[in-house]
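Take a look at the letters that make up each chain.
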Amino acid sequence: MTADLPIVEITTESSGSSLIAATLAAESVTIAHIGPLRVLVVLTQPPLPEGGAPGKVALGLLRGLAGHGVDVRAIAGLQHFAVPGDAPAELPVELVPVAPLSEWRGRLGRIRRPRGELAGAFAARVAEAAEEVDVVHLDQVETVWCAEALTKPSALHVHYLARLDRPFGAPWRRQFRDVLDSVRIERRALRSVRHLVASSPLVAEELRRRAPNAEVTLAPLSLDLDLYCPAPLDGPPTAGLIGTADWPPTAAAIRLLLDDVWPRVRRRAPESKLVLAGRGTGRLGLSSAPRVELAGEVDSARGLFRRLSLLLFPLPRGSGMKVKVLEALASGVPVVTTPAGAEGIAPSSGVIVETEPERLAAAAAELLIDERARRERGAAARADFERLYAPGPATEPLVELYRRMVR
């Protein structure tokens, strides 16, 4: 998008012919961009329909940009923890293997480059590919090490902030080191990248506070809507939660759910069932818990949502948009959660937000008992996803940002 330039007619004395020229205002000179906008998206893991949360939202990002006419291509790190699978063949995604750092190199590298697995050969490949595009989109703070060698304008998408998600904890525990490394790389990112993207107003406000000289754009995360069919919501009343039990915010939500919320739900809706799914949930040792199924790691999160009557997610703390909440909305499954769980989600009748365990339980029990109510809220959830978080509307702020960066 370029500014309109006034056109004037210039007549030469020697030939009398007319030449058409554009007069550029002295205060602002705009250079027109010829052809489609070319964007390189740098990902920490492959975009997969059943991958990790970053891989799922990467699909929505790429679909949305392509739908806006952007010439988009992606480079994704193929790290040791990546979920097996191939990116959709129609998406231009290059997978670059990333070798894990040895123990001694990891300890030494943490001093200079915390969470620096994507530095080195991966960053060099990104810099090479970036020469053929107009803008580089760095997705998640770990990709900031790729910005060092870039000559093209770049934007960094910060999905969440570590100190808003987790406390440091005891210095001798691994969580302390993990949070410290995350805080240090976030500080580096906010110092070195001028254009920042946040998926929630809370993260955007914090970025503006920490990096007052940066331009911060608010753009929600997205999912490929074509992958999610509306759930029937007509089976046995079943609440569910999916997530990695080893991730501290999810672990805290599971503890709160089992200790304080689910017993209250059972008293109000005794025929209801709770399904806990995701990596590590099978090791919780709750086989005797009444009406609780520990599904463990499932092949398809989308398949799980089709079994549920609602997503029950009492998250006490966490920043950024939650992909499990987006998946529920895309599946037409109503959500009962806390303000932290609904962060970045616009007010919706498909999402019930409460803070106290008793009120969370009451809201969940009402939907589990009343099929008509959950169908109405599920339809509202799906409609709001289509309106706000489908690839097209969710990536529109990014396309406008890229255009400003090119100008």
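A brief look at the structure comes next. Keep in mind the model is a prediction, meaning the values are calculated, not measured.

In total, this model carries two aromatic pairs according to the counting rule given. Between Y160 and W247 the ring centres are 6.0 Å apart and the planes differ by 75°, which places this aromatic pair in the edge-to-face class. Taken together, the positions of Y160 in the loop between β7 (154–158) and α4 (162–165) and W247 in the loop between β10 (238–242) and α7 (248–268) put the pair 87 residues apart, joining distant regions of the chain. According to the relative accessible area criterion, Y160 is partly exposed, its value standing at 22%. Using a relative accessible area of 30% as the deciding quantity, one classes W247 as partly exposed.

On to the nonpolar core. If you look at soluble globular proteins, the nonpolar side chains tend to sit buried side by side. By size, the foremost hydrophobic cluster in this structure holds 59 residues, and its most contacted members are W262, L312 and F385. By size, the runner-up hydrophobic cluster in this structure holds 36 residues, among which are L40, V96, L118 and L207.

Ordered by their spatial adjacency, six strands build an open sheet running β12-β11-β10-β13-β14-β15, and the pairing between neighbours is parallel. Two strands in the sheet have a free side with no partner beyond their single neighbour: β12 (292–296) and β15 (351–353). Pairs of neighbouring strands in the sheet enclose a mean axial angle of 25°, with direction left out of account. Where β10 and strand β13 (residues 310–313) come together, two bridges link them in parallel fashion.

This paragraph deals with the pairing of β7. By the criterion of burial, β7 is predominantly enclosed, with five of the five residues buried. Where burial is concerned, the two faces of β7 agree: the one with S154, L156 and V158 and the one with A155 and H157 are both buried. Pairing analysis gives four bridges linking strand β6 (residues 135–139) to β7, with the strands arranged parallel. Bridge pairing in β7 links H137 to A155. With four bridges joining them, β7 and strand β8 (residues 195–198) adopt parallel strand pairing. Within the sheet, the bridge partner assigned to H157 lies in β8 and is V197.

About the thresholds
- For every chain, the first residue of the written sequence is number 1, and numbering continues from 1 along that sequence.
- Totals for whole chains, interfaces and linings use all residues, but because this is a predicted model, local features are given only for residues with pLDDT of at least 70 and pairs of side-chain atoms are given and counted only at 80 or more.
- The basis for every side-chain value is the complete set of non-hydrogen atoms in the structure, without hydrogens or water.
- Between rings of Phe, Tyr and Trp, where Trp is taken as its six-membered ring, a pair exists when centres lie within 6.5 Å; planes separated by under 30 degrees are stacked, by over 60 edge-to-face, and by other angles tilted.
- Only DSSP runs of H or I covering at least 4 residues are called helices, and only runs of E covering at least 2 are called strands; the numbering of each starts at the N terminus.
- For every residue, the accessible area (1.4 Å probe, protein chains only) is compared with the maximum for its type, and the residue is labelled buried under 20%, exposed over 50%, or partly exposed between those bounds.
- Take the buried residues of types Ala, Val, Leu, Ile, Met, Phe, Trp, Tyr and Cys, join any two whose side-chain atoms come within 4.5 Å, and each joined set is a nonpolar core.
- In short, DSSP must find at least two bridges between two strands for them to pair.
- Only the stretch in contact is used when a helix axis is fitted, and all axes are lines through C-alpha atoms; the angle between N-to-C directions ranges over 0 to 180 degrees.

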